[in-house]
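# Examination of the molecular architecture
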Amino acid sequence: MNILWLKTELLHPVDKGGRIRTYHMLRELKCEHRITYLTLDDGSAADDAMERAEEYCDEIIRIPLRTQRKRSLGFYAELLRNLASTLPYPIWKYRSAAMRAAIADVARQDQSDIIVCDFLAPAVNMPDHVPCPAVLFQHNVEATIWERHATVASNPLAKAYLREQWRRMRAFERVQCRRFDHVVAVSRRDMEVFHSEYGVASVSEVPTGVDTEYFRPLGVVIPERHDLVFTGSMDWLPNEDAIVYFVDTILPRVRAVVPDVTLTVVGRNPSPRIAALGRQDGAVRITGSVADVRPYIERAAVFIVPLRIGGGTRLKIFEAMAMEKAVVSTSIGAEGLPVRDGVDIVLADTPETFASSVIGLLADQERAAEIGQRAAAVVRSEFGWDRVAEKFAATCAGLLPTELASAGSSR
């Protein structure tokens, strides 16, 4: 197949969930299919991002886009201007007439067999008519994330703003999901939401994957018996909320029983709020960006995922499982993943039960090791990226005319 892949960013550095999923999916697809990667570029990618694009695509088309840095004066000015729009801000900021024109031109001239819109945001630039089937690859139910933001917000003005963003996102997402020939979800739960709440008739599930060769214990790091670890992009609000929630409401309960407990927060661009936690509490380590998360995961006794907001599925959980770590997560954190509470993960949804679960695993290293080993066995046998990409390709091929689908690779 000739696949035209639409995105709003270059993939390097591959340092957050959406980029990780897309990067590994495309690397596998590129082995059998031709990938044209058409993306917006706001200039924030790594210096070598264009050169390294050959790792995941055969051709790259870059559309420059000016965006505002978070928490800058320009950013807040954009938020104010967005109030006059019917679009949610995370969609509105990616509007690009140049991208819309490029999609139409490339789809026609490149003789694309299928178009994949990766995440909801590029859909704002999708032309009304394209000459081939189009798939919307939904890493989350975006409206669900905004609904949960509003639910946990304590400031009345913030709550009102977030509820309005949720309303706009839900309306936009529903329309866009119905525009495409097919929607790919990353979990059965998301698939059911698209079908039942948005009325999407053609929708399927392609699970989350993990690089099972990369994420394995290195055997060179000595675990710290009472260290907890969390990984994730720390400029993403659900991750920020999770750590603030954990430090404020759960960590004190753990510390009452395990006084020398420590927490290591690993992830790029920690917000001022997260950075302050590290300054205020010597037992909370904020690393910022790191070249390799594996030593931090391996050093920890327990991997925590105290998310209260989110959608889709968490790659970080599969990564920790592949590293043979016991994971304690909220139900929202593990939502959509085929995990079994008490078998290959521990689920806890209140501060009391989350703290108790962490304390129990810190005290019983043998049980923690057993959970980690069972978890690793599951992801290694079923969720390598090669299997995930194969299912994605089969889904796309099923939308093509019989003669194209049977032809297989377009190389």
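Description of the structure in this document. (Residues numbered from 1 in each chain as written. Predicted model: local features only at pLDDT ≥ 70, side-chain atom pairs only at ≥ 80, totals over all residues. Heavy atoms only, no water.)

## Some words on unusual backbone geometry
For the record, the criterion: For helices the rule is a DSSP run of H or I covering at least 4 residues; for strands it is a run of E covering at least 2, with both sets numbered from the N terminus onward.
Omega for the peptide link from His12 to Pro13 comes to 5°, which places this bond in the cis form. Tracing the chain through its elements places Pro13 in the loop between strand S1 (2-7) and helix H1 (17-30). The phi dihedral of Asn269 is positive, around 50°, even though this residue is not glycine. The topology assignment puts Asn269 in the loop between strand S9 (262-266) and helix H10 (272-280). Its identity is not glycine, yet Glu324 carries a phi of approximately 65°, on the positive side.

## Brief notes about the pairing of S1
Applicable threshold: Partly exposed describes any residue whose relative accessible area lies between the buried limit of under 20% and the exposed limit of over 50%, with all areas from a 1.4 Å probe on protein chains only and scaled to the type maximum. When DSSP locates at least two bridges between a pair of strands, those strands are taken to pair. By definition, the crossover connecting two strands over a helix is right-handed if that path, from the first strand to the second, turns clockwise as seen with the strands pointing away from the viewer.
When you tally the buried positions in S1, you get six out of six residues, the bulk of the element. The side-chain alternation of S1 yields two buried faces, one formed by Asn2, Leu4 and Leu6 and the other by Ile3, Trp5 and Lys7. The pairing of S1 with strand S2 (residues 34-41) spans six bridges and is parallel. Bridge pairing in S2 places Asn2 opposite Arg34. Read as a crossover between parallel neighbours, the route from S1 over H1 to S2 is right-handed. In this sheet, strand S4 (residues 114-118) lies alongside S1 in parallel orientation, the contact comprising four bridges. Residue pairing across strands places Leu6 opposite Cys117, the latter belonging to S4.

## Let's talk about helix H5 (residues 97-109)
Selection criterion: One less than the number of residues in a helix, times 1.5 Å, gives the span that helix is expected to have. Arc definition: directions from the helix axis to the C-beta atoms. Note on contacts: a residue pair qualifies if any of its non-hydrogen atoms lie within 4.5 Å across the two residues.
Given a rise of 1.5 Å per residue, 13 residues ought to cover 18 Å, and the 18 Å separating the end C-alpha atoms of H5 matches this to within 8%. Buried within H5 are the following residues: Met99, Ala102, Ile103, Val106 and Ala107. Here the buried residues of H5 occupy an arc of 120° about the axis, which is enough to place them on one side. For H5, the exposed residues set more than 90 degrees away from the buried face come down to Ala97, Arg108 and Gln109. Elements in contact with the buried residues of H5: S1, S2, strand S3 (59-64) and S4. Looking at the residues trailing H5, positive phi occurs at Gln111, about 50°.

## Topic: the side chain of Asn140
Convention followed: Nitrogen and oxygen atoms within 3.5 Å of one another constitute a polar contact, given that in protein one can donate a hydrogen and the other can accept it, and given that sequence-neighbouring residues count only through two side-chain atoms.
Counting through the fold element by element, Asn140 comes out in the loop between strand S5 (134-138) and helix H6 (142-152). Within the local environment of Asn140, its side chain forms a polar contact with the side chain of Glu142, the two groups lying 3.3 Å apart.

## Let's talk about the packing of helix H13 (residues 351-363) against helix H14 (residues 365-382)
Let me state the cut-off plainly: Each axis is a line fitted through C-alpha atoms, and for a helix only the stretch in contact is used; angles between axes span 0 to 180 degrees, taken between their N-to-C directions. An angle below 35 degrees is read as roughly parallel, one above 145 as roughly antiparallel, one from 65 to 115 as roughly perpendicular, and any other as oblique. Three categories are distinguished: nonpolar for Ala, Val, Leu, Ile, Met, Phe, Trp, Tyr, Cys and Pro, charged for Asp, Glu, Lys and Arg, and polar for the others, with Gly belonging to the last.
At a closest axis distance of 5 Å, the pairing of H13 and H14 adopts a crossing angle of 105°. Here H13 lies roughly perpendicular to H14, going by the angle between them. Contacts between H13 and H14 involve Leu361, Leu362 and Ala363 from the former and Gln365, Arg367, Ala368 and Ile371 from the latter. Classifying every residue of the contact of H13 with H14 gives five nonpolar, one polar and one charged.

## Brief notes about the environment of Ala320
With respect to the helices and strands, the residue Ala320 is situated in helix H12 (residues 315-322). With relative accessibility at 0%, the residue Ala320 sits in the buried group. In sequence terms Ala320 and Ile297 are 23 residues apart; their C-alpha atoms lie 6.9 Å from each other. Sequence-distant contacts of Ala320, that is, excluding residues within four places in its chain, are made with Ile297, Phe303, Lys325 and Val327.

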